[in-house]
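Per-entry structural report
The primary structure of each chain is shown beneath.
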Amino acid sequence: MKRQCPDSECFTKFPGPDSGRVVRKGSYFRPSDGQHIPRFLCRRCGKTFSSGTRLPCYRQKKRKLNHPLKLLLSSGVSQRRAAILLRVNRKTVVRKFRFLATQARLEHARWLKKFEDRKLAFIQFDDLETSEHTKCKPLSVTLAVEPRTRKILEFQVSQMPAKGLLARVALAKYGPRPDLRAAGWDRFFSNLKPHVLSDADWLSDQNPHYPRHLKRHHPQAKHRTTPGGRGSIAGQGELKKLVFDPLFSLNHTCAMLRAHMNRLFRRTWCTTKTKQGLIDHLSIYIRYHNEVLTGPCTG
Ligand SMILES: [Zn+2]
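In what follows, the accompanying structure is described. Owing to the predicted nature of the structure, the values given are computational and were not obtained by experimental measurement.

Focus on the pairing of strand 8 (residues 222–225)
Looking at chain direction, strand 7 (residues 196–204) and strand 8 are connected through four bridges and run parallel. Across the sheet, the residue bridging to Asp-201 is Lys-222, located in strand 8. At this point the chain moves from strand 7, through helix 7 (residues 210–217), to the parallel strand 8, and the crossover so formed is right-handed.

Focus: the packing of helix 6 (residues 181–192) against helix 7
Describing two packed helices takes the angle between their axes plus the distance from one axis to the other. Helix 7 packs onto helix 6 with a crossing angle of 40 degrees between their chain directions and a minimal axis gap of 9 Å. In terms of orientation, helix 6 lies oblique with respect to helix 7. Note that helix 6 runs across helix 7; the crossing there is right-handed. Of the residues in helix 7, those in contact with Ala-182, Trp-185, Asp-186, Phe-189 and Ser-190 of helix 6 are Tyr-210, His-213, Leu-214, Arg-216 and His-217. Its residues assigned to classes, the contact of helix 6 with helix 7 shows five nonpolar, three polar and two charged.

Side note on the pattern of salt bridges
All told, the structure shown has eleven salt bridges when counted by the stated rule. In this structure, Arg-30 engages Asp-33 in a salt bridge whose closest nitrogen and oxygen atoms are separated by 2.8 Å. This pair shows no difference in class: Arg-30 is buried, exactly as Asp-33 is. As a salt-bridge pair, Arg-216 and Asp-186 come within 2.7 Å of each other at their nearest N and O atoms. Of the two residues, Arg-216 is situated in helix 7 and Asp-186 in helix 6; the sequence distance between them amounts to 30 residues. Several salt bridges share partner residues, and in doing so they unite Asp-7, Lys-13 and Lys-47 into one network.

Digging into the coordination of the zinc ion
Here the zinc ion is held by the protein donor atoms Cys-5 (SG), Cys-10 (SG), Cys-42 (SG) and Cys-45 (SG), which lie 2.3 Å from it. Its four donor atoms give the zinc ion angles of 102 to 113 degrees at the centre, a pattern that matches the tetrahedral case. Here the donor residues of the zinc ion are spaced in sequence according to C-x4-C-x31-C-x2-C. With Cys-5 in the segment before helix 1 (10–13) and Cys-42 in strand 2 (residues 35–42), the pair connects residues that are 37 residues apart, well separated along the chain. Its relative accessible area of 9% is what places Cys-5 among the buried residues.

Notes on the nonpolar core
Counting residues in each nonpolar core, the largest one holds 21 residues, and the members touching the most others are Val-141, Phe-155, Val-157, Leu-257, Leu-278 and Leu-282. For this core, the secondary-structure elements that each account for two or more residues are strand 5 (138–146), strand 6 (151–159), helix 8 (248–260) and helix 9 (275–293). No other element matches the five residues that helix 9 contributes to this core. Setting aside anything within four residues of it in sequence, one finds Phe-155 in contact with Val-141, Thr-142, Leu-143, Phe-188, Ile-279, Leu-282, Ser-283 and Ile-286. Of all hydrophobic cores here, the second largest spans 18 residues; its members include Phe-115, Phe-125, Leu-192 and Ala-200.

Structural notes on the layout of surface pockets
The calculated volume of the largest pocket comes to roughly 940 Å³. If you trace the largest pocket, you find 43 residues lining it, with Leu-128, Glu-129, Thr-130, Arg-258 and Arg-266 closest to the centre. Listed by contribution, the elements that provide at least two residues to the lining of the largest pocket are strand 4 (120–131), strand 5, helix 6 and helix 8. No other element matches the six residues that strand 4 contributes to the lining of the largest pocket. Looking at side-chain class alone, the lining of the largest pocket contains 16 nonpolar, 13 polar and 14 charged residues. Estimated volume of the second largest pocket: approximately 630 Å³. If you trace the second largest pocket, you find 21 residues lining it, with Gln-79, Arg-80, Cys-270, Thr-271 and Lys-273 closest to the centre.

Let's talk about the pairing of strand 4
In the case of a regular strand, side chains alternate between the two sheet surfaces. Judged by how many residues are buried, strand 4 sits mostly within the fold: nine of twelve residues are covered. Bridge analysis of strand 4 against strand 7 gives four bridges, and the strand direction is parallel. Counted as the bridge partner of Leu-120 is Val-196 from strand 7. In this sheet, strand 5 lies alongside strand 4 in antiparallel orientation, the contact comprising eight bridges. In the sheet register, Leu-128 faces strand 5, and the bridge partner there is Val-141. What sits between strand 4 and strand 5 in their antiparallel hairpin is a turn of six residues, with His-133 showing a positive phi close to 70 degrees.

Analysis parameters
Residues numbered from 1 in each chain as written. Predicted model: local features only at pLDDT ≥ 70, side-chain atom pairs only at ≥ 80, totals over all residues. Heavy atoms only, no water. Pairing = 2+ DSSP bridges. Helix = DSSP H or I, 4+ residues; strand = E, 2+ residues; numbered from the N terminus. Right-handed = clockwise from strand over helix to strand, strands pointing away. Axes fitted to C-alpha atoms, helices over the stretch in contact; angles between N-to-C directions. Parallel < 35°, antiparallel > 145°, perpendicular 65-115°, else oblique. Left-handed = near helix turned anticlockwise from the far one by under 90°. Contact = heavy atoms within 4.5 Å. Nonpolar A, V, L, I, M, F, W, Y, C, P; charged D, E, K, R; others polar. Salt bridge = Lys/Arg side-chain N within 4 Å of Asp/Glu carboxyl O. Buried < 20%, exposed > 50% of the residue type's maximum accessible area, 1.4 Å probe, protein only. Donors = N, O, S within 2.8 Å, 3.2 Å for Na, K, Ca; no water. Tetrahedral: all angles 85-135°; square planar, octahedral: opposite > 155°, others 65-115°. Core = buried A, V, L, I, M, F, W, Y, C linked by side-chain atoms within 4.5 Å. 1 Å grid on protein atoms, 1.4 Å probe; cavity = no way out; pocket = protein on both sides within 12 Å on 5 of 7 lines; lining within 4 Å. Points joined across faces, edges and corners; volume = space filled by probe spheres on them.

Written out as structure tokens, the structure reads:
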């Protein structure tokens with residue numbers, strides 16, 4: 001691999017012949033993972049750098065924890081418990097949580113790129129409900145799944161007002177809560193556009209809002225709906241009591257989210273405190289779900 005000077009303006013500042021401008025210049029020991037890292041010298045600008053300079057973990061002192069933390073957060077462990085298990089401070093876990101989420105989003109975007117060439121013909125989508133801080137402040141997670149492989153393609157988190165018995169309590173306690181799901185669905189369908197065939201087959205439940213938003217971004221799409229069944233056993237709301245559930249892939253995926261992300265458990269002490277926290281956690285889990293839990297085969 002040909003090394004390049006990390007300074008992007010190196011060539012404009014010091015124009016000249018291109019050959020032999022980067023040479024080895026010793027190495028250093030990186031205590032955080034016990035590796036010897038080679039250093040290099042740019043002959044053109046005289047600056048030195050190492051093979052780790054441009055990597056995302058650059059200057060991290062606990063890089064060894066990145067991978068185990070990703071596994072824990074995708075396996076139903078809370079951030080606090082992860083800090084205890086990994087013997088680090090909670091703040092370290094929070095920083096790593098945000099770092100992992102950013103990396104996961106970049107990886108997911110790279111992974112999605114392959115569907116730009118061979119676009120998808122079948123999509124299942126639906127909304128999963130959770131809340132931030134209290135049940136009085138519900139959030140809606142719109143999710144798109146490729147039904148054959150159960151890979152998660154896209155999600156959007158939108159705030160919505162409380163429904164049912166809680167609506168009055170929520171209004172009295174926290175004031176009116178705008179319903180931002182329409183904007184979320186717009187982003188959702190628009191983001192999926194490059195990866196889905198224009199006449200693809202979309203399957204969802206009978207939510208009356210879906211057709212309007214779907215048709216706006218995918219006018220030629222075939223939209224089929226199916227009546228949502230009732231949850232099979234108490235606490236398994238996602239797995240329906242139907243003989244044959246056409247939305248099985250999506251419902252199964254939602255059940256996996258509920259089983260593997262502590263904040264989405266049906267009965268838990270753990271709640272989402274901020275919308276961004278939920279988005280970050282979903283980003284981390286979805287990477288693990290697509291990469292490991294549903295197998296490497298991506299069809
Ligand atoms: Zn240089």
